[in-house]
Amino acid sequence: MRGEIIAIGDELVSGRILNSTSRLAARRLFLLGYDIPIMQSIGDEPALIGKTLLSALERADFILITGGLGSTDDDLTTEAAAQALGLKTAKHPVVLEKLRQRLAAEGREGELANLSRFAVFPERAELLDESYRMAGYLLFHQDKPLWFLPGVPSQMAILLEDKVVPELQRLFPPPPLRQHIYRSCGLKEMAINAMLKPLEKQEGLQIGYYPIGWEVDVSLTVRPEEPQQGEALFQQADSFIREHLGENLFGEDDEGLPMAVGCLLQAQGKRMAVAESCTGGLLAACITEIPGSSAWFDGGVVVYSNSLKEKILGIDPVLLAEHGAVSEACAKAMARQALTRLGSDIALAITGIAGPDGGSADKPVGTVFIALADCNSTTVQCVHLHGSRREIQIQTAQRALDMARRHILFP
């Protein structure tokens, strides 16, 4: 079954807000086995909303529409959709009364007239939230389901999981499907593509590649002609991928590099600390996003200026004067001092030039030194990265984590 996703809002097409709702919905439906060949973001224009909806109805078996269901003057989705579909709209009495009660309890009765747009629905609409707190409804047109969902990501996620997915699976049972994501680092996308090309020729298999900085995700989708063939086909492809990715495979599905490093550290009863300069705390932020990371991560320091490198970590000013802050010597000293002062088993240190300014002929923008220290030794990598300032910072954090991963696996 083929679906489409339409996200509505001037804030999306102006670039002020990232379209996270469409990404979330597409990802969830893809994993269930549904094809979403088209996703569109459009502004709050009634004529455009209606035209886009009617066009999608000609192609898709089902449609998800997000955004434009609020109470402000630019929330035009319901009126525009109803007009395009030739439907009348009316205020839902229960929703209106619930809204009145909530406003009265908050001493905001005077806002009812302005907020009553929340209670307007097309005829035949089936409300999705029994508590009447979230906008959203299901509408069938030409026997096709159209889910109208809020543009607020947290609310949209709840209704997607609790209401859309169960009904979609009931209406259109997904085909036999097996999917898996392999997460790797250390190999370029083209190199992985070349290694896995034999799989792309096999009937019933689909291989996808998605580079994210230093990482490359490989997706395996098994769509067998006969259900009983699926497991054997998956096992064959799974073994092939694991063998060829080898030590570059660090995780699967939602397991990122920080989680992979954390699991390895916990298994060995070790703890880690970091010292950062050009990444400005990004490495520590990536680590502490992982629930339970306190079991293996002590913390870190951001020493952006030379004076703080001296005061906080005790870096010798003579070293900085002779070699500069962006140097192998400085990275090595930062890692050793972080290890000593923070009392961890492993310490990572980062210093570099993230740009867009600050580079030179000897040390161009993207020059980064990453050091790792433990009780036995200190190693340093010098890498030359490309991209925006943010991209260089992200790649640096990824490479530092991968450096730690490989050190723990292969000391």
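The coordinates are above.
Every value quoted in this text rests on a predicted model; they were computed, and no experiment measured them.

**A few points about the pattern of salt bridges**
Here's step 1: Tallied over the entire structure, the rule returns 18 salt bridges.
Here's step 2: The partner of Glu-130 in a salt bridge is Lys-163, and the shortest N-O contact between them spans 2.5 Å. Of this pair, Glu-130 sits in the loop between strand E6 (126–127) and strand E7 (137–141) while Lys-163 is found in helix H7 (residues 153–171), placing the two residues 33 residues apart along the sequence.
Here's step 3: What makes Lys-163 partly exposed here is its relative accessible area of 25%.
Here's step 4: Measuring nitrogen to oxygen at the nearest pair gives 3.3 Å for the salt bridge that ties Arg-183 to Glu-215. Taken as a pair, Arg-183 in strand E9 (residues 178–185) and Glu-215 in strand E11 (residues 215–222) lie far apart in primary sequence, 32 residues in all.
Here's step 5: A relative accessible area of 6% means that Glu-215 is categorised as buried.
Here's step 6: Several salt bridges converge on common partners, so that one network encompasses Glu-247, Asp-402, Arg-405 and Arg-406.

**Side note on the environment of Val-383**
Here's step 1: Note that Val-383 resides in strand E17 (residues 378–384).
Here's step 2: The exposure class assigned to Val-383 is buried, which follows from its relative accessible area of 9%.
Here's step 3: Considered as a pair, Val-383 and Gly-366 are 17 residues apart in the sequence and their alpha carbons are 7.7 Å apart.
Here's step 4: Residue contacts for Val-383: discarding those within four places in its chain leaves Gly-366, Thr-367, Val-368 and Arg-399.

**Here's the deal with the pairing of E9**
Here's step 1: The element E9 is extensively covered by neighbouring structure, given that seven of its eight residues are classed as buried.
Here's step 2: In this structure, E9 lies alongside strand E12 (residues 249–252), joined through three bridges in antiparallel fashion. What sits directly across from Ser-184, in E12, is Leu-249.

**Digging into the layout of surface pockets**
Here's step 1: Roughly 1200 Å³ of internal volume is contained in the largest pocket.
Here's step 2: Along its surface, the largest pocket is lined by 32 residues, and Arg-23, Arg-183, Tyr-210, Ile-212 and Asp-217 are the ones closest to its centre.
Here's step 3: For the lining of the largest pocket, the secondary-structure elements that each account for two or more residues are helix H2 (20–32), strand E2 (35–42), E9, strand E10 (205–212), E11, helix H10 (257–267), helix H11 (282–288) and helix H15 (389–409).
Here's step 4: Taken together, the residues of the lining of the largest pocket break down into 19 nonpolar, four polar and nine charged.
Here's step 5: The calculated volume of the second largest pocket comes to roughly 650 Å³.
Here's step 6: Every residue lining the second largest pocket is counted, 41 residues in all, and those nearest its centre are Leu-69, Gly-70, Phe-118, Pro-150 and Val-152.
Here's step 7: The dominant element in the lining of the second largest pocket, judged by the number of residues it contributes, is helix H5 (residues 93–105), at four residues.
Here's step 8: Its residues assigned to classes, the lining of the second largest pocket comprises 19 nonpolar, 13 polar and nine charged.

Conventions used here
Residues numbered from 1 in each chain as written. Predicted model: local features only at pLDDT ≥ 70, side-chain atom pairs only at ≥ 80, totals over all residues. Heavy atoms only, no water. Salt bridge = Lys/Arg side-chain N within 4 Å of Asp/Glu carboxyl O. Helix = DSSP H or I, 4+ residues; strand = E, 2+ residues; numbered from the N terminus. Buried < 20%, exposed > 50% of the residue type's maximum accessible area, 1.4 Å probe, protein only. Contact = heavy atoms within 4.5 Å. Pairing = 2+ DSSP bridges. 1 Å grid on protein atoms, 1.4 Å probe; cavity = no way out; pocket = protein on both sides within 12 Å on 5 of 7 lines; lining within 4 Å. Points joined across faces, edges and corners; volume = space filled by probe spheres on them. Nonpolar A, V, L, I, M, F, W, Y, C, P; charged D, E, K, R; others polar.

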